[in-house]
Amino acid sequence: MNQEQWSAVDHYISQTVVPSDAALEAALEASSKAELPSIAVTPNQGKLLQIFARLVNASRILEIGTLGGYSTIWLARALAKDGKLISLEVNAKHTDVARANVARAGLSGNVEIRLGPALETLPKLAEERAGPFDLIFIDADKANIPEYFTWSLKLARHGSVIIVDNVVRKGAVLESNSSDVDVQGVRKLNEMLAKEKRVTATTIQTVGSKGYDGITIAFVN
Ligand code: SAH
Ligand code: DHB
Ligand code: MG
């Protein structure tokens, strides 16, 4: 098993179970044209996020880490007409590209993209009583995952789901002495989860066109 095979299978899945459409394609194309890094979720992962949002009947979604809004589009499509998604992004170019992509997908009325470091925006959301959010997707800088998770618990309700991306990192999560702050961010999350009684959590390893990684899913009890 190797990367070539994982990518080929992801391609096959995209051709069958997870067909794309004009808005999703345009979002990826505009992101690549604007030279955003190609680190969006894959189509089948995007659809998994959408399924989670539907399972919790989400009317409010919080995303931390927008990039070009590709995962945003998948998630926002799960919302009812008056549902709302707030997505946090630190990079102004990314927010510009994402807003255009979301508009092209016809979702501007449901999506608000807030520019700024998420650790500054999250307390504001709490002050504004913007929550509770039914689904929270943590996918920004990995060093701050523990803080994002703590804020997510504050902004969630019983029955919310919190999903954290990129938690296996090609297996680097095993390296307890890693000097990589991203790895340490994930390891600290796992230590928190080991003690956290407020959630029921699991982590699933994934392979695909983005390589070997994983997601954590935490259900708020
Ligand atoms: N969720 C997107 C991918 C996000 S990539 C998708 O799947 O389509 C991670 C994003 O987090 C990048 O756009 C990066 O600029 C942003 N980011 C990094 N540090 C951040 C911070 N401190 N606050 C908010 N966003 C941040
Ligand atoms: C990176 C970030 C992501 O959210 C991702 O899915 C893959 C890679 C990164 O910062 O390298
Ligand atoms: Mg990610």
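This report concerns the structure included in the present document. Predicted model only: the values in this text are computed from it and were never measured. (Residues numbered from 1 in each chain as written. Chains lettered and ligands numbered in written order. Predicted model: local features only at pLDDT ≥ 70, side-chain atom pairs only at ≥ 80, totals over all residues. Heavy atoms only, no water.)

**A word on the pattern of salt bridges**
Moving on, step 1. Evaluation of the coordinates by the stated rule reveals eight salt bridges.
Moving on, step 2. When the shortest N-O distance is used, the salt bridge between Arg114 and Glu128 registers 2.9 Å. One end of the pair, Arg114, is in strand 3 (residues 111-115); the other, Glu128, is in the loop between helix 6 (118-127) and strand 4 (133-138), and 14 residues separate them in sequence.
Moving on, step 3. Residue classification places Glu128 among the partly exposed residues on the basis of a relative accessible area of 44%.
Moving on, step 4. Measuring nitrogen to oxygen at the nearest pair gives 2.8 Å for the salt bridge that ties Glu196 to Arg198.
Moving on, step 5. One network of salt bridges, in which partners are shared, links Lys84, Glu112, Arg114 and Glu128. (Salt bridge = Lys/Arg side-chain N within 4 Å of Asp/Glu carboxyl O. Helix = DSSP H or I, 4+ residues; strand = E, 2+ residues; numbered from the N terminus. Buried < 20%, exposed > 50% of the residue type's maximum accessible area, 1.4 Å probe, protein only.)

**Some words on the coordination of the magnesium ion (ligand 3)**
Moving on, step 1. At 2.0 to 2.2 Å from the magnesium ion (ligand 3) lie its protein donor atoms, namely Asp139 (OD), Asp165 (OD) and Asn166 (OD1).
Moving on, step 2. Counting the intervening residues between successive donors of the magnesium ion (ligand 3) yields the motif D-x25-D-N.
Moving on, step 3. Classification of Asp165 by relative accessible area gives buried; the value is 4%. (Donors = N, O, S within 2.8 Å, 3.2 Å for Na, K, Ca; no water.)

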